[in-house]
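Here's the letter readout for the chains.
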Amino acid sequence: DCDGDNIIEKSYSACNVEGTGSYIGGFVGRSYEGTLDGCTMKGTVKMGAGTNAAAAIYIGGIAGRQDGSSASKMKMLDCTMDGKIILSDGSEVGGPVISGQYIYIGGMTGEMVNGTISGCSTTENAVIACDGQYKNNIGGIIGHATKGTVSECDNRAAISFASDGARAETTPTYIGGIIGQNGK
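Starting from 1, residues in each chain are numbered consecutively following that chain's sequence as written. Local features in a predicted model are, by the rule used here, given only for residues with pLDDT of at least 70; side-chain atom pairs are given and counted only at 80 or more, and totals for whole chains, interfaces and linings are based on all residues. Note: side-chain values were computed over all heavy atoms of the structure, leaving out hydrogens and water.

Colleague: Any chance you could explain the environment of Ser-151 here in plain terms?
Modeller: Tracing the sequence through the fold places Ser-151 in strand S20 (residues 142-151). In the structure, Ser-151 is positioned 32 residues away from Gly-119 in sequence and 6.5 Å away in space, judged by C-alpha atoms. If we ignore the near neighbours within four places in the chain, the residues touching Ser-151 are Ile-117, Ser-118 and Gly-119. Here a strand is any run of E in DSSP of at least two residues, a helix any run of H or I of at least four, and the numbering for each starts at the N terminus. The contact rule is simple, with two residues in contact once any of their heavy atoms fall within 4.5 Å.

Colleague: Quick question: what am I supposed to make of the environment of Gly-29 here?
Modeller: Along the chain, Gly-29 turns up in strand S6 (residues 28-32). Sequence separation between Gly-29 and Gly-19 is 10 residues, and the spatial gap between their C-alpha atoms is 9.1 Å. Dropping the residues within four chain positions of it, Gly-29 is found in contact with Tyr-23, Ile-24, Ala-63, Gly-64 and Arg-65.

Colleague: Looking at this structure, how should I read the packing of aromatic side chains?
Modeller: The geometry of two aromatic rings is summed up by the distance between their centres and the angle between their planes. Ring pairs are drawn from Phe, Tyr and Trp, using the six-membered ring of Trp, whenever the two centres fall within 6.5 Å, and their geometry is named by plane angle: stacked under 30 degrees, edge-to-face over 60, tilted for the rest. The full count for this structure, using the stated rule, is three aromatic pairs. Seen in terms of ring centroids, Tyr-23 and Tyr-58 are 5.2 Å apart; in terms of plane orientation they differ by 5°. Their pairing is stacked. Of this pair, Tyr-23 sits in strand S5 (residues 23-25) while Tyr-58 sits in strand S10 (residues 56-60), placing them 35 residues apart in sequence. Centroid distance Tyr-58 to Tyr-104: 5.0 Å. Interplanar angle 10°. Geometry classified as stacked. Highlighted residues: Tyr-58 in strand S10 and Tyr-104 in strand S15 (residues 102-106), separated in sequence by 46 residues. The same class applies to Tyr-58 and to Tyr-104, which are both buried. Summary of the burial criterion: residues with accessible area below 20% of their type's maximum are buried, those above 50% are exposed, and those between are partly exposed, where the area comes from a 1.4 Å probe applied to protein chains only.

Colleague: Would you explain unusual backbone geometry in this entry?
Modeller: The backbone of Lys-10 sits at a positive phi, close to 45°, despite the residue not being glycine. Judged by relative accessible area, Lys-10 falls into the exposed class, the value being 72%. A positive phi is found at Asn-114, a non-glycine position, where the angle reads about 60°. Considering the arrangement of structural elements, one finds Asn-114 in strand S16 (residues 109-118).

Colleague: What am I meant to see in the pattern of salt bridges here?
Modeller: Where side chains of opposite charge bring their charged atoms close, a pairing between them can arise. Here, a salt bridge means any Lys or Arg side-chain nitrogen found within 4 Å of an Asp or Glu carboxyl oxygen. In the structure shown here, the tally under the stated rule is six salt bridges. In this structure, Lys-46 and Glu-18 form a salt bridge, with 3.9 Å as the shortest nitrogen-oxygen distance. One end of the pair, Lys-46, is in strand S9 (residues 44-47); the other, Glu-18, is in strand S4 (residues 17-19), with 28 residues separating them in the sequence. The salt bridge partner of Arg-156 is Asp-154, with a shortest N-O separation of 2.7 Å. In this structure Asp-154 comes out as partly exposed when scored by relative accessible area, which is 31%. Three or more residues are tied together by salt bridges with common partners; here these are Arg-30, Arg-65, Asp-67 and Glu-111.

Colleague: How do you make sense of the sheet that holds strand S21 (residues 154-155) when you look at a structure like this?
Modeller: Hydrogen bonding along the main chain pairs the strands of a sheet, whether they run parallel or antiparallel. Here the rule is simple: two strands pair whenever DSSP picks up at least two bridges between them. Spatially, the five strands line up as an open sheet ordered S3-S8-S13-S17-S21, and their pairing is parallel. What marks the edges here is a single partner per strand, and that holds for strand S3 (12-13) and S21. Looking at chain direction, strand S8 (residues 40-41) and strand S13 (residues 80-81) are connected through two bridges and run parallel. By the bridge assignment for S13, Met-41 is matched with Met-81.

Next comes the structure, spelled out in structure tokens:
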């Protein structure tokens, strides 16, 4: 948890992060009004076996989710994701997950609520891979954004999404090079 005046800056991580909770991030699971500045993630972030969150799962290369009461209080600046984010319903990585689960996945953060992301990038070595078992919001930088500002960001990650076919017509999936879904 990153809260209030907390600042994580000029940090590097090559570790592998595997979580079974609602918020999974390379540096922080959930950031409240803090600043992440100059962070680089080269490891793997993935949903662990047995993950069972009540409503949604937020996965990001830097932060699982970012919440701010104002854009000026929650910032991610000049961060880089050069690793992997992997989500699968197979026994190797993920499931079982609650049916109808919402999943928010982004190279920087799974979801941004009222914040600022500027100068952040994913490299050509980065991979964001997801299967089609969930209601997905997948973005090279942000999975889902509600209020806030995104500027001068660059996505070069390979984003892959494999639909299971049976749920493709009933399960909404939003995929974008920068933001998977912008707004509500």
